[in-house]
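Structure assessment
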Amino acid sequence: LASPGIRVETTFGAHSLSALTDHSGVWRQPLPPTEASDRGQTLLFRSSEGGAALRDVLFGEVYLCSGQSNMEYTPRSMAGMNNASVEIAAADSPAYRSVRLFTVGKGTTSKTPLRALGSLYHNWTAASSALVGGPAWKEFSAVCWLFGKELSNELKVPVGLISSSWGGTQIQVWMPKAANEACHQGSWSGDRYNAMIAPFAVGPMALSGAIWYQGESNNGQGRYYSCAFPAMISAWRAAFHSPALWFGFVQIAGYRYGGASRPDPSADLRQAQLAALSLPNVGVSTAIDTGDWNGIHPPDKQTPARRLAAAALDMRYGRRQFEAQHRPPLYSGQRL
């Protein structure tokens, strides 16, 4: 941040650009169209108040990964995800040297939107086995990593992945207050949205898309969720000034939510999640067939991640050969 009304000069290769900071000291500098490349670039910034530089900047795709524990779940969480040692080792492959990872910490919540992150586990860092196989529940999100790995394999461009999740959370905490009010939940301030999503919308950051794995903590609230989920997606799109931002989500996996003696309400929640498909440019990864009857955190993170990546490749990048890999059979109606 700089003082309000300050002109900031940006040097990017042969380009000299400038922008004024707004009333809060934030500035945004559009850059000329630049081909995706794994060759690091340098951006230099200078104003009357000083200068700064960003080095080893890659141009490519950036995805935000969010939700509750099944998104936060890292390769070493619980007993570990399927094939964990191989998936962790893959992060050292030269094929993924241009995949960059960023994990938001869980040290900050806020009743109002923040302009900067108050907590992070690690800033932008090249993928590695040390990072992907880091401490359980800290770094790095298994679904996010596997999703990005699939995109990297197919697109052959740099991929930036932001993991911003918090286990055990309901969707209400990830929604701006106005979106909660629209679904008659105005007492919720959206404290995780304010602390862990809103800072990226200052500017805002240019995203290629977002993926979401959440819903377990809203099980039994299907009617509400069918309002809240589309409202949250629309609110995020508005915050990032991207009305058609691609958004992919995982339906909650199979698990004995009701136990042996109580009805299982999870089918109602899965149906409510599908309300998001009423919005354009939304993809779904079903996980009913990848769950664990005895564990709410299924170790199969590869299948939902692969389906999310197939949805993005089909819908976001026009790779129609991936359509059959992500579209589940959906009920369309009946006739007597």
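Scroll up a little and you will see the structure.
Fair warning: this is a prediction, and the values are worked out from it, not measured in the lab.

**Things to note about the packing of helix 7 (residues 222-239) against helix 8 (residues 266-273)**
- Running from N to C, helix 7 and helix 8 cross one another at 20 degrees; their axes reach a closest spacing of 8 Å. By the angle between their directions, the pair helix 7 and helix 8 is classed as roughly parallel. Pair helix 7 / helix 8 crosses with right-handed handedness. In this structure, helix 7 contributes Gly222, Arg223, Tyr225, Ser226 and Phe229 to the contact, and helix 8 contributes Asp268, Leu269, Ala272 and Gln273.

**Things to note about the state of the cysteines**
- Across all of its chains, the model carries two disulfides by this definition.
- Through a disulfide, Cys65 is tied to Cys144; the S-S separation comes to 2.1 Å. Of note, the bridge from Cys65 to Cys144 carries an S-S torsion of about 65 degrees and is right-handed in sense. Of the two residues, Cys65 sits in strand 5 (residues 61-67) while Cys144 sits in helix 4 (residues 142-155), which places them 79 residues apart along the sequence.
- With a sulfur-sulfur separation of 2.1 Å, Cys183 is cross-linked through a disulfide to Cys227. A torsion of -90 degrees about the S-S bond marks the disulfide between Cys183 and Cys227 as left-handed. Here Cys183, found in the loop between helix 5 (177-182) and helix 6 (191-197), pairs with Cys227, found in helix 7; they are 44 residues apart in sequence, far enough to count as distant.
- With a relative accessible area of 6%, Cys183 lands in the buried category.
- Overall, Cys227 belongs to the partly exposed group, its relative accessible area being 31%.
- Among the cysteines of the protein chain that take part in disulfides, numbered as they appear in the sequence, the pairing is 1-2, 3-4.

**Re the sheet that holds strand 2 (residues 15-20)**
- What the four strands build is an open sheet, ordered 2-1-3-4; its pairing is antiparallel. The strands lining the two open edges of the sheet, one partner per strand, are strand 2 and strand 4 (50-59). When strand polarity is set aside, the average angle formed by the axes of neighbouring strands in this sheet is 20 degrees.
- Inspection of the sheet shows strand 3 (residues 37-47) paired to strand 4 by seven bridges, in the antiparallel sense. Its bridge partner being in strand 4, Leu43 is matched across the sheet by Leu54.

**Focus on the environment of Arg223**
- In this structure, Arg223 sits in helix 7.
- For Arg223, a relative accessible area of 77% gives the class exposed.
- Separated by 46 residues in sequence, Arg223 and Leu269 have C-alpha atoms that sit 8.1 Å apart.

**Observations regarding the packing of aromatic side chains**
- By the definition in use, this model includes 16 aromatic pairs.
- Centre to centre, the rings of Phe102 and Phe200 are 5.8 Å apart; their planes meet at 75 degrees, and the pair counts as edge-to-face. Here Phe200 lies in the loop between helix 6 and strand 9 (209-213) and Phe102 lies in strand 6 (residues 99-104), a separation of 98 residues in the sequence. The same class applies to Phe102 as to Phe200, namely buried.
- Seen in terms of ring centroids, Tyr255 and Tyr257 are 4.9 Å apart; in terms of plane orientation they differ by 90 degrees. Their pairing is edge-to-face. One exposure class covers both Tyr255 and Tyr257, and it is buried.
- Three or more aromatic residues joined by ring pairs make a cluster, and in this case those are Trp174, Trp212, Tyr225, Phe229, Trp236, Phe247 and Phe249.
- The side chain of Arg192 reaches across the aromatic face of Trp166, ending 4.1 Å from its centre.
- The side chain of Lys301 reaches across the aromatic face of Tyr73, ending 4.1 Å from its centre.

**Some points on helix 8**
- Restricting attention to buried positions, one finds in helix 8 the residues Ser266, Leu269, Arg270, Ala272 and Gln273. Mapping the buried residues of helix 8 onto a view down its axis gives an arc of 160 degrees, with all of them on the same face. In helix 8, the exposed positions angled more than 90 degrees off the buried face are occupied by Ala267 and Gln271.
- In this structure, the buried residues of helix 8 make contact with helix 7 and strand 10 (246-250).

What counts and how
Residues numbered from 1 in each chain as written. Predicted model: local features only at pLDDT ≥ 70, side-chain atom pairs only at ≥ 80, totals over all residues. Heavy atoms only, no water. Axes fitted to C-alpha atoms, helices over the stretch in contact; angles between N-to-C directions. Helix = DSSP H or I, 4+ residues; strand = E, 2+ residues; numbered from the N terminus. Parallel < 35°, antiparallel > 145°, perpendicular 65-115°, else oblique. Left-handed = near helix turned anticlockwise from the far one by under 90°. Contact = heavy atoms within 4.5 Å. Disulfide = S-S within 2.5 Å. Buried < 20%, exposed > 50% of the residue type's maximum accessible area, 1.4 Å probe, protein only. Pairing = 2+ DSSP bridges. Phe/Tyr/Trp six-rings, centres within 6.5 Å; stacked < 30°, edge-to-face > 60°. Lys NZ or Arg CZ within 6 Å of the ring centre and 35° of its normal. Arc of directions from axis to C-beta.

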